[in-house]
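Spelled out from the first residue to the last, the chains are:
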Amino acid sequence: MRKILGLTTAAFISMTAVASAHFLLLKPNTDMVGDGQSRTIKIEAKFTHPMEGGPNMPFKIIDSGAVINGRKYKLHWKKIMIPAMKGSNKKAPMYEATFKIRRPGVYQFYVNPSPYYEPAEEKFIKQITKVYVESFGLEDGWDKPIGLKAEIVPLTRPFGIWEGNTFRGRAYLNGKPLANADVEVEYLNTKGVKVPADPFVTQVVKTDKNGYFEYTIPWSGWWGFSVLGDGGKLKYKDGKYYPVELDSIIWVKAYPKPREVR
Ligand SMILES: [Cu+2]
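One structure accompanies this document, and this report is about it. Because the structure is predicted, anything quoted here is derived from the model rather than measured.

What counts as what
- Residues numbered from 1 in each chain as written.
- Predicted model: local features only at pLDDT ≥ 70, side-chain atom pairs only at ≥ 80, totals over all residues.
- Heavy atoms only, no water.
- Pairing = 2+ DSSP bridges.
- Helix = DSSP H or I, 4+ residues; strand = E, 2+ residues; numbered from the N terminus.
- Axes fitted to C-alpha atoms, helices over the stretch in contact; angles between N-to-C directions.
- Donors = N, O, S within 2.8 Å, 3.2 Å for Na, K, Ca; no water.
- Buried < 20%, exposed > 50% of the residue type's maximum accessible area, 1.4 Å probe, protein only.
- Polar contact = N/O pair within 3.5 Å; in protein donor to acceptor, adjacent residues only side chain to side chain.
- Contact = heavy atoms within 4.5 Å.
- Salt bridge = Lys/Arg side-chain N within 4 Å of Asp/Glu carboxyl O.
- Phe/Tyr/Trp six-rings, centres within 6.5 Å; stacked < 30°, edge-to-face > 60°.
- Patch = residues over 30% accessible without salt bridge, like charges linked within 9 Å, V, L, I, M, F, W, Y side chains within 5 Å.
- Areas by Shrake-Rupley, 256 points an atom, 1.4 Å probe, with all protein chains shown as cover.
- Lys, Arg positive; Asp, Glu negative; His and termini not counted.
- Charge placed at Lys NZ, Arg CZ, Asp CG, Glu CD.

### Quick look at the sheet that holds strand β6 (residues 78-83)
As a general point, the strands of a sheet are linked pairwise by backbone hydrogen bonds and lie either parallel or antiparallel.
Next up, step 1: What the four strands build is an open sheet, ordered β1-β3-β7-β6; its pairing is antiparallel. Each of the sheet's edge strands pairs with one partner strand only, and the pair in question is β1 (23-28) and β6. Across the sheet, the axes of successive neighbouring strands diverge by a mean angle of 25°, strand direction being ignored.

Laid out in structure tokens, this is it:
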């Protein structure tokens, strides 16, 4: 009986968690840089719940970079303490970096964070996250993996996207396509969008047997795609081992329909 009760509780908790997904947000000030625009990209990293606007959770950046044509440039992060929740005294870190574009092309920015222990789910969460910036008209390279342990390779060009476009990607874990995995999708809620019911907070699609997934972006703004994977186990400070959810995330920006065709 106790076991059944335990299972039910665990299932309930994990469902609650899906309704409010954790996302590492990696957001540049633009996804495209054209002639006459500043070569300096500002980028921020935050571990948050994008649709609900928080809470923000603690993390460290273990590894990061801006990758172009197999070459990796370092990112220098500045840590900033922000309220964990709006108006709360509890603080959480976020990080900001600036990066100067050296040569035209597509830059894949990535962050590999420290694992975060989530008490509500009794597991660690680690989300390796990417975002793309296209510069000065050279569009090649966005469809190439950069060799991350958990990685989404886009099949939809991940910049210059309209709202209503379908985003397609292929999920890899340890270099192999990740079949039948949950993909959580969230809008970075900068507009104060209110959802009519909990399931709207996080949209969920699945990868197929070859690791492919797709989602049609319903309105403009930044959208995050998080493929949930199994990252083995890790020891927590209580001395016990807990599962690690190892996710791969991509952020893309969708632009509003032009006024002329609305
Ligand atoms: Cu959280």
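Having put the structure on the table, let's press on.
### Digging into unusual backbone geometry
Next up, step 1: The peptide bond linking Gly54 to Pro55 adopts the cis configuration, its omega dihedral lying at 0°.
Next up, step 2: Turning to its location among the elements, Pro55 is positioned in the loop between β3 (40-48) and β4 (61-68).
Next up, step 3: Unusually for a residue other than glycine, Glu122 sits at a positive phi of about 50°.
Next up, step 4: Looking at the element boundaries, Glu122 is found in the loop between β9 (116-118) and β10 (123-135).
Next up, step 5: With a phi close to 55°, Asn180 is a non-glycine residue in the positive phi region.
Next up, step 6: Tracing the backbone shows Asn180 in the loop between β14 (176-177) and β15 (182-187).

### Some details on the coordination of the copper ion
Coordination angles at a metal have ideal targets, namely 109.5 degrees for four tetrahedral donors and 90 or 180 degrees for six octahedral donors.
Next up, step 1: Within the protein, the copper ion binds to His22 (NE2), His49 (NE2) and Met57 (SD); these donor distances fall in the range 2.1 to 2.6 Å.
Next up, step 2: If you list the donors of the copper ion from N- to C-terminus, the spacing comes out as H-x26-H-x7-M. No difference in accessibility class separates His49 from Met57, as the two residues are buried.

### Comments concerning the side chain of Thr48
Next up, step 1: Residue placement: Thr48 occurs in strand β3.
Next up, step 2: Overall, the relative accessible area of 4% leaves Thr48 in the buried class.
Next up, step 3: Side-chain polar atoms of Thr48 contact the side chain of Asn56, separated by 2.9 Å.
Next up, step 4: With near-sequence residues (within four places) excluded, Thr48 lies in contact with Ala21, His22, Phe23, Leu25, Gly53, Gly54, Pro55, Asn56 and Met57.

### Describing the pattern of salt bridges
Next up, step 1: Counted under the stated rule, the structure contains eight salt bridges.
Next up, step 2: With a closest N to O distance of 2.6 Å, Glu245 and Lys123 form a salt bridge. Here Lys123 lies in strand β10 and Glu245 lies in strand β20 (residues 241-255), a separation of 122 residues in the sequence. In this structure, Glu245 and Lys123 share a single accessibility class: buried.

### Things to note about the environment of Ile125
Next up, step 1: Within the element layout of this structure, Ile125 appears in strand β10.
Next up, step 2: The spacing of Ile125 and Tyr241 is 116 residues in sequence and 13 Å in space, taken between C-alpha atoms.

### Brief notes about the environment of Val153
Next up, step 1: Along the polypeptide, Val153 turns up in strand β11 (residues 150-154).
Next up, step 2: The exposure class assigned to Val153 is buried, which follows from its relative accessible area of 8%.
Next up, step 3: Separated by 127 residues in sequence, Val153 and Leu26 place their C-alpha atoms 16 Å apart.
Next up, step 4: Excluding anything up to four places from it in sequence, Val153 contacts Asp143, Pro145, Gly169, Arg170 and Tyr172.

### Quick look at the packing of aromatic side chains
In this description, a pair of aromatic rings is defined by centroid distance and the angle of the planes.
Next up, step 1: With the rule as written, the count across this model stands at 21 aromatic pairs.
Next up, step 2: When the centroid spacing of 5.4 Å and the interplanar angle of 40° are considered together, the rings of Tyr187 and Trp223 count as tilted. Of the two residues, Tyr187 is situated in strand β15 and Trp223 in strand β18 (residues 221-227); the sequence distance between them amounts to 36 residues. The same class applies to Tyr187 as to Trp223, namely buried.

### Considering a positive patch on the surface
Next up, step 1: A cluster of basic side chains, namely Arg39, Arg71, Lys100, Arg102 and Arg103, defines a positive patch on the protein surface.
Next up, step 2: By the secondary structure assignment, Arg71 is in strand β5 (residues 71-73).
Next up, step 3: According to the relative accessible area criterion, Arg71 is partly exposed, its value standing at 46%.

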